[in-house]
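The chain contents come next:
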Amino acid sequence: MNRLLSCIAGLVLAASTLSAEGINDAVTSFELDNGMQVVVVEDHRAPVLQHMVWYKAGSADEPKGSSGVAHFLEHLLFKATDKMEAGEFSATVAANGGQDNAFTSYDYTAYFQRVAADRLELMMQMESDRMVNIRLTEDNIATERDVILEERNMRVENNPRSLFSEQMGAVQYFNHRYGVPIIGWKHEMEELGLEDALAFYRTYYAPNNAILIVSGDVDPAEVRRLAEQYYGVIPANPDLPERIRTQEPPQTAARRITFKDTRVAQPYVSRSYLAPERDSGAQEKAAALVLLAEILGGGTTSYLTERLQFDSDIAVYSAAFYSGTSLDDTTFDLIVVPKDGVTLEDAEQAMDQALADFIRDGVDPEQLDRIKMQMRAAQIYARDNVDSIANRYGRALTTGLTVEDEQAWPDVLQAVTGDEIVAVAREVLRPEASVTGWLMRDERVTQ
Amino acid sequence: MSRIFGFILALILALPAAAAVQVEEVTSPSGIDFWLVEDHSIPFVAMDLRFRGGTSLDAPGKRGSVYLMTALLEEGAGDLDARAHARALESLAASFSYDASDDAVSISARFLTENKDAALALLRDTIHAPRFDQDAIERVRAQILSSLRSDAKDPDSIARTTFSRLAFGDHPYGSDGEGTVDTVSALTREDIVQAHADVFAKDRLYVSLVGDITPEDAGILVDRLLEGLPAEGRALPGPAEVTLTGGTTVVDFDTPQSVAIFGQTGIDRDDPDFFAAYVLNQVLGGGSFESRLMDEVREKRGLTYGIYSYLASRDLAAVYLGSVASANDRIAQAIEVIRTEWARAASEGVTAEEVEAAKTYLTGAYPLRFDGNGPIARILTDMQMEGLPRDYIATRNDKMRAVTVEDVNRVAAELLDPEGLRFVVVGAPEGLGDSTN
């Protein structure tokens, strides 16, 4: 037997005692009287902190016809408030040696600053101000709308892969807002106005719809004191609507799309399946899907890579993706990029054959052990970047999960069995709930 | 025959306002110098290795050989083929990433304390005994060719490649280190073996470790990993002459948004005026919301989502670069505004207030970079490659604070060259054509 391999096998046994101790200990959470949730993730290695406010409002909460308004409003929050000039927020963060930005997704919008640990109070003072005091002008609207249209140009219009993926999403969802792109449809973005932005702001920007997350070199008691002083005084919005979105009906028809563009150099096959998300107190199925994605398409040793790149000469790249942190039904995605000379039809057939064989053969227990070992180690590595832990809590708490769910998640992942993974594959990889897309070269010569 | 460890005793306390990053310089028993930050709070180590030269070491006619060789390091080594190597690595939950840039081949590794010896044995094989199996070569070659074909239809890539050719001509900087479809298709296993011999040598090696390891253990580890490397590799090419001229180059491409890269001759990293130039760039286009270009092009006019400029001061040439993207019917206006701001900063300089704001930001943002073992290891290797002393971390902000508005404006007048500013525009821009100043 190979010496190196036997030595590794021994280490795996030793390593299986790795535990997550230390991470959950660093997390403190509490709630202010007005309903604002607070999470603190401590790391005292460097005198630096990250201050974030997450709103439970994303593109999937937008009114019909106003797609892109959640993201538009995110941009507009850097304009004036009662107390600050347009641009003063970022300029003040910069003048204190910090960095700030914001991001929008389907289920949340978040604002953050990274600064020296002694600047927490100033950040809270400014962030709490713009939670309720923005003052927008028509001029802001016209200019910033041009900016988001250029952002869409950059991210989507200039990139056929993004255009294709937008069409895939739109076809996947019959009735849910996840079918509409976060940045918005271009024709609706062009019509966004001051009232659209303000209506979204008044509805969703309130302490009882927000989560404060501070990570880094901070003391939870001090965070609480300052949070009460700055955020605690803002009244809750009594009219905050319950977060109910139109849901998907049973999906009973497999769909196919073909997207052609002259700018495509490398055609590929994409497949998405409607898939359940993590639910509070019931994360087991989502955990099995996370492991399924790793097993099928998580890298060099994954099932699809073995089958399509090593055992046969079908693909240059293959992968599977699933992120269960979502308020409503999400997707499980596969991609196969065929080798030069292999047709999309052959690539798709090889992918489907591999999926069928996987469900028949079941999970390789050694592969499952390796993946679980990596997930345990990931918890050690995660302590090197507490901002990423903070982000994980932000995503969880804005998608219907609790602090306890997030803390239990690593153990839920470790408890998944091979049989459960195959069972969830049978349940979710169902043609009737799928979209298959071919991204193709458009060979037409344009003038 | 073991030598005594050459500990450097002076521990440097960094940043008054930042992490106490204590950098030690250690010499391994076999004589390899490396930098270490010892921190036992999390049971893992981040290591960064750099071999100077990178894709610029490609032999004539073999463009892409260093890049392909680097990509193959994780595709089988020693007794393990690609799949067995990947499985072994997963079992240890270690991660090794390999990259080849214009100036260096870099290896970033992360491994747990509890199995560091086994992880290092795997890493050692990828450096000393990569297999370069023919099936792995063909598999990775196909991936690179696929990526090159995609680049040929990607406006950002087209802009970069076109600009590099204009700026550096036949020097390796003037072409894509990944190679071309023709050169990569023609590479043989012998070319890859040669590229490996060209790159991996002690005369160009830089090593940093950060994390849960003592200097003694780190010295042993570095020796186990690197002992046996040849003393010398292929000679580095000479400096590149910057051949940019002022004007606009348009590459027609059917896409809604034009992408532009602009630039002129830059300033060397070791130039005494580098700090002043750095502050100048922060004011002019340094990427924050406060820069003049961001204010004029985005905030006031909504012409773009993002615009920034930066000093691209590399080992063998220095250029001053920027980028912007605007809809085809608006890019001409964006370029006009940029040219105006470039000329205004050259002739009128910037204000004392702008300089102060830029310095406050830059000095405050510096400690934020030291946010984890991996980032710190990379910073330490950057510093070694640039020939900076270990105490640079503690003195860097003082150097930044010492820059005056007079310095900045003198450098603005000398460095900024509105007449020599070249734009490469990829798209279907309206009202723009090729021009030379």
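Source: prediction; values computed, not measured.

Structural notes on the domain arrangement of chain A
Residues and elements named next belong to chain A. Along its sequence, chain A is organised into domain 1 (24-230) and domain 2 (255-441). Distance between the C-alpha centres of domain 1 and domain 2: 28 Å. Each side of the interface is counted separately: domain 1 has 37 residues, and domain 2 has 40 residues. When domain 1 packs against domain 2, close to 3,100 Å² is buried across both sides, 64% of that on carbon and sulfur atoms. Interface area lost by domain 1 to domain 2 is led by Phe 164, Met 168 and Gln 172, which between them contribute 23%. Taken together, the links from domain 1 to domain 2 amount to two salt bridges. Across the pair Asp 387 and Arg 114 runs a salt bridge, and its minimum N-O distance is 3.4 Å. Breaking the side of domain 1 that touches domain 2 down by element, the ones donating at least two residues are β1 (27-31), β2 (37-42), β3 (48-55), α6 (160-172) and β6 (210-216). Top element by residues in the side of domain 1 that touches domain 2 is α6. It accounts for eight residues. Along the lines of polarity and charge, the residues of the side of domain 1 that touches domain 2 split into 18 nonpolar, eleven polar and eight charged.

What to know about the sheet that holds β1 of chain A
Residue and element names in this part refer to chain A. In space, the six strands of this open sheet follow the order β1-β2-β6-β3-β5-β4, with mixed pairing throughout. Only two strands of the sheet have a single partner each, and these edge strands are β1 and β4 (99-104). When the angles between neighbouring strand axes are averaged without regard to direction, this sheet yields 15 degrees. For β1 and β2, the ladder comprises five bridges, and the chain directions are antiparallel. When the bridges of β2 are listed, Phe 30 appears paired with Val 38.

Here is what the cut-offs are and how they apply
Residues numbered from 1 in each chain as written. Chains lettered and ligands numbered in written order. Predicted model: local features only at pLDDT ≥ 70, side-chain atom pairs only at ≥ 80, totals over all residues. Heavy atoms only, no water. Domains from an automatic or database assignment. Contact = heavy atoms within 4.5 Å. Buried area = accessible area lost by both parts, 1.4 Å probe. Salt bridge = Lys/Arg side-chain N within 4 Å of Asp/Glu carboxyl O. Helix = DSSP H or I, 4+ residues; strand = E, 2+ residues; numbered from the N terminus. Nonpolar A, V, L, I, M, F, W, Y, C, P; charged D, E, K, R; others polar. Pairing = 2+ DSSP bridges. Axes fitted to C-alpha atoms, helices over the stretch in contact; angles between N-to-C directions.

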